[in-house]
Amino acid sequence: MKTVKSFPRKVQEIPNLFIPLADGTRLAARIWLPVDAERKPVPAILEYLPYRKRDGTVVRDALTHPYLAGHGYACVRVDIRGNGDSDGVMLDEYAEQELADGEEVIAWLVAQSWCTGKVGMMGISWGGFNCLQVAARQPAGLDAVITLCSTDDRYRDDIHYKGGCLLGENLGWSATMLAYSSRAPDPALVGDRWKAMWLERLENEPLLAIPWLQHPHRDAYWKRGSVCEDFSAIQAAVLAIGGWNDAYSNAVPRLVASVQSPVKGIIGPWAHKYPHFAVPEPRIGFLQEALRWWDQWLKGVDTGVDQDPAHRTYIMEIGRPGASVAQIAGRWVSDDVWPSDRSETQRWFLNPQGLGTTADKKTKQALSSPQHTGADSGEYCIIWLGPEFPGDQRQDDSGSLTFDTPPLAKPIDLVGAAVLHLQFSSDRPVAVAAVRLNSVWPDGAVSRLTYAVANLCHRDGHEHPEVLEPGKVYTLQIQLDDVACTVPKGHRLRVSISTSYWPLIWPAPEPVTLTVHTGASFIDIPVRKPRRGEKAPVFAPAEAAPPVKLTTLEPAWNQREVTTDQRTGERRMAIIDDFGRSTSTEHGLTTWGCGRENYRILPDDPLSARQDCHWSMEMSRGDWKVRTETYSSLQATKTHWLVSGRLEAYEGDTQVFAKDWSQKVKRKLV
């Protein structure tokens, strides 16, 4: 990534400015803008997050916002109410208060003398979600958004539920937000109010896993803020960007197909990061692409973005399976519709001897996976960039039904979403299925290409699930995640089906035997046909502004270990993400954070599953030091979730606050 130090317009930074809201709340903002913006006003670009502008996103902000400001924009990075140095408390993600505050911030930006009255919103993950949600409210002045690694559907494609199954990340992200949002504001910015603000924040801090567990189906709680409920409400121009190794890439094709305002999509090989510094590489000149978007829709400059292909997609070459991936070979292609209008569907039947192009005689194959099947699934959302990618699938496949093709006679480009048509019966009223489409190497290694998980009680939709009638035969279509990859000649495609996928999803309340009806079940695979003379889209090389100046006191490190108790068979997974200790050269704040996750389960008892999270967050400057310790746990009985949490806050070595949660939440067909 090239560092750019000189820009067309000289940039000034306002490290902190408080934006007043109508109710008296002040939101803390950091602003970069041209020094002559009062004389030559510029459009504003808002990034609106709970992740702390002072220390949480400071590294990526330094790379991004000064660059855009130097090209004639005011970049405004705002902490959401109750986070960082902003007043108030935050009670949930994407709450009505958050979105209403966002509208007020946009109105404030429009009214500034240095602003032309044109505003864009940009963000990744949380900021990608809320820029779509705010856009759907049509605030005056908001003309364009760039949303990265986000979704249009809060139930279908977020960290809570997938396919109607409860994700382990539901508690994991609740634990992360408990740690993030319970941190104190910086006294250097808010003055002596810091402790009162902190104590108010601590007192009102929610354990978000509780309300998320209380809404296991796609009800009004999840529909609010899901822009798929009314795509026509979005009138701003939308650039949607995702990564194949991110959890949110499925939303990009849906947004491009459904948003009625100008819309384009880009999907690269990346995990949950901005594309100019993302891994796996190759990176692209995201900031140059952003400028093309902003110049077109906020400045009225014809940059040609309206002539760009609807989709620009990176087709990955399959690499050896492994939990850490730095680079993925491949090529960029363009499509005006998704799936490609030049795709063909290959249908493979699940036959007793493997995958075949014609159906064999119908038979039955029964499956009851060990509960720890799924240890090589990797993280649901690859964000910390430790060893989080899916590993070799051989062990998980050993607890699954598998169906293989013969070795491929030629390579194929798998581009789009494969769909499994599964005919099955269950011996229990609640059951889940995990489906993987894998590539088997000639030497036996197995790479996961794409996957889906399905709560089989949700066979007729996510709003009103129904129990399974034991022994009754059902047919269900399971759509796997979108993907773009080349499967080499000599590899075999494999469909793997298991009744457990721990710890990515929570197991059904009882051990399940699933009977798959072979010959009647099949998978449709979208294959992109070769195009003669096809020209690949070209992106500029990655560029960024100079990095922030930090003094590293302790380096960051990550660990992911799976162990087995040979006496009981219990499988344990321990994950540590230590973010290191560093000091800001600019303002002297030292920060450290560490997240720890532990999972355990017995191979024959789904009710033995347990998830524990422990986060430590510390800030200091001179004699001032504050720290929080947060704990979250989830277990289950056949009928209830048992969720607990604890928050401890320390000033120096003295505990100044403690709070506990303990609640039983009824299981409802999960």
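The coordinates are above.
Treat the numbers as computed from the prediction; the structure is a model and nothing was measured.

Caption draft 1: The arrangement of the overall build of the protein chain in detail. Along the backbone of the protein chain there are 11 helices and 35 strands. For the protein chain, the spread of C-alpha atoms along the principal axes amounts to about 80 × 65 × 45 Å. Per-residue burial over the protein chain gives 64% buried out of 670 residues. As displayed, the protein chain offers around 24300 Å² of accessible surface, 49% of which is attributable to carbon and sulfur atoms. Computed over 74 positive and 82 negative side-chain charges, the separation of the two mean positions in the protein chain equals 3 Å.

Caption draft 2: Inspection of the pattern of salt bridges at higher detail. In total, this model carries 56 salt bridges according to the counting rule given. Measuring nitrogen to oxygen at the nearest pair gives 2.9 Å for the salt bridge that ties R137 to E96. Pair noted here: R137 is in the loop between α3 (126-135) and β7 (142-148) and E96 is in helix α2 (residues 96-111), with a separation of 41 residues, a long-range link. Residue class for E96 comes out partly exposed when judged on its relative accessible area of 44%. Between E651 and K195 there is a salt bridge, and its shortest N-O distance comes to 2.7 Å. Linking E651 in strand β34 (residues 640-651) with K195 in helix α6 (residues 194-204), this pair joins segments that are 456 residues apart in sequence. Given the relative accessible area of 31%, K195 is considered partly exposed.

Caption draft 3: Up close: the pairing of β34. By the bridge criterion, 11 bridges tie strand β33 (residues 624-636) to β34 in an arrangement that is antiparallel. Across the sheet, residue T628 finds its bridge partner in β34, namely A649. Linking two consecutive strands that pair antiparallel, namely β33 and β34, is a turn of 3 residues. As judged from the 12 bridges shared by β34 and strand β35 (residues 654-666), these two strands associate in the antiparallel manner. Along β35, the bridge assignment pairs R646 with D660.

Caption draft 4: Broad picture of the packing of aromatic side chains. Going through the model one piece at a time under the given rule, you end up with 32 aromatic pairs. Relative to W114, the ring of W108 has its centre 6.2 Å away and its plane inclined at 70°; by these criteria the two rings are edge-to-face. Taking relative accessible area as the criterion, W114 reaches 9% and is therefore assigned buried. A ring pair is formed by W384 and W615, whose centres lie 6.3 Å apart and whose planes are at 65°; its orientation type is edge-to-face. Of this pair, W384 sits in the loop between β16 (363-367) and α11 (394-398) while W615 sits in strand β32 (residues 605-621), placing them 231 residues apart in sequence. When its relative accessible area of 5% is taken as the criterion, W615 is described as buried. Directly above the aromatic system of F18 lies the positively charged group of R26, at a separation of 3.9 Å from the ring centroid.

Caption draft 5: Fine view of the packing of α2 against α3. Between α2 and α3, the least distance of the axes is 10 Å, while the angle of their chain directions is 75°. Taken together, the axes of α2 and α3 lie roughly perpendicular to each other. Here E98, L99 and I106 of α2 lie close against α3, whose contacting residues are W126, N130, Q133 and V134.

Caption draft 6: Molecular detail of the state of the cysteines. This model, assessed by the stated rule, comprises 0 disulfides. Sulfur of C381: no disulfide; nearest cysteine sulfur belongs to C149 and is 7.3 Å away. Judged by its relative accessible area of 7%, C381 is buried. The thiol of C594 is not disulfide-bonded; the next cysteine sulfur, from C613, is found 12 Å away.

Caption draft 7: Here's a closer look at the environment of I315. Along the chain, I315 falls in strand β12 (residues 311-317). Its relative accessible area of 0% is what places I315 among the buried residues. Measuring from C-alpha to C-alpha, the distance between I315 and V333 comes to 7.2 Å, with 18 residues separating the pair along the chain. Discounting chain neighbours no more than four positions away, the residues touching I315 are A329, G330, R331, V333, D413, V415, A484, C485, T486 and R528.

Caption draft 8: Highlighting the packing of helix α1 (residues 58-69) against helix α10 (residues 286-298). Contact geometry of α1 with α10 gives a least axis separation of 11 Å together with a crossing angle of 40°. Overall, the two elements α1 and α10 adopt an arrangement that is oblique. The handedness of the crossing between α1 and α10 comes out as right-handed. In this structure, α1 contributes L63, T64, Y67 and L68 to the contact, and α10 contributes L287, Q288, A290, L291 and W294. Looking at the contact of α1 with α10, its residues break down into 7 nonpolar, 2 polar and no charged.

Caption draft 9: Spotlight on the sheet that holds strand β21 (residues 446-455). Read from one edge of the open sheet, 4 strands run β17-β24-β20-β21, paired in antiparallel fashion. Across the chains shown, the open sheet's two edge strands, defined by having one partner strand only, are β17 (401-404) and β21. Each neighbouring strand pair of the sheet contributes to a mean axis angle of 15°, computed without reference to strand direction. Bridge analysis of strand β20 (residues 432-440) against strand β24 (residues 492-498) gives 7 bridges, and the strand direction is antiparallel. Counterpart to N438 in the pairing with β24 is R494.

Caption draft 10: Seen up close, helix α9 (residues 251-258). The element α9 is largely enclosed, with a buried count of 6 among its 8 residues. Residues A251, V252, P253, R254, L255 and V256 constitute the buried set of α9. Where α9 is buried, its residues meet α3, β7, β10 (237-243), β11 (263-268) and β12.

Caption draft 11: Inspection of the side chain of E289 at higher detail. One can find E289 in helix α10. Setting aside anything within four residues of it in sequence, one finds E289 in contact with I266, R312 and F539.

What counts and how
Residues numbered from 1 in each chain as written. Predicted model: local features only at pLDDT ≥ 70, side-chain atom pairs only at ≥ 80, totals over all residues. Heavy atoms only, no water. Helix = DSSP H or I, 4+ residues; strand = E, 2+ residues; numbered from the N terminus. Buried < 20%, exposed > 50% of the residue type's maximum accessible area, 1.4 Å probe, protein only. Areas by Shrake-Rupley, 256 points an atom, 1.4 Å probe, with all protein chains shown as cover. Lys, Arg positive; Asp, Glu negative; His and termini not counted. Charge placed at Lys NZ, Arg CZ, Asp CG, Glu CD. Salt bridge = Lys/Arg side-chain N within 4 Å of Asp/Glu carboxyl O. Pairing = 2+ DSSP bridges. Phe/Tyr/Trp six-rings, centres within 6.5 Å; stacked < 30°, edge-to-face > 60°. Lys NZ or Arg CZ within 6 Å of the ring centre and 35° of its normal. Axes fitted to C-alpha atoms, helices over the stretch in contact; angles between N-to-C directions. Parallel < 35°, antiparallel > 145°, perpendicular 65-115°, else oblique. Contact = heavy atoms within 4.5 Å. Disulfide = S-S within 2.5 Å. Left-handed = near helix turned anticlockwise from the far one by under 90°. Nonpolar A, V, L, I, M, F, W, Y, C, P; charged D, E, K, R; others polar.

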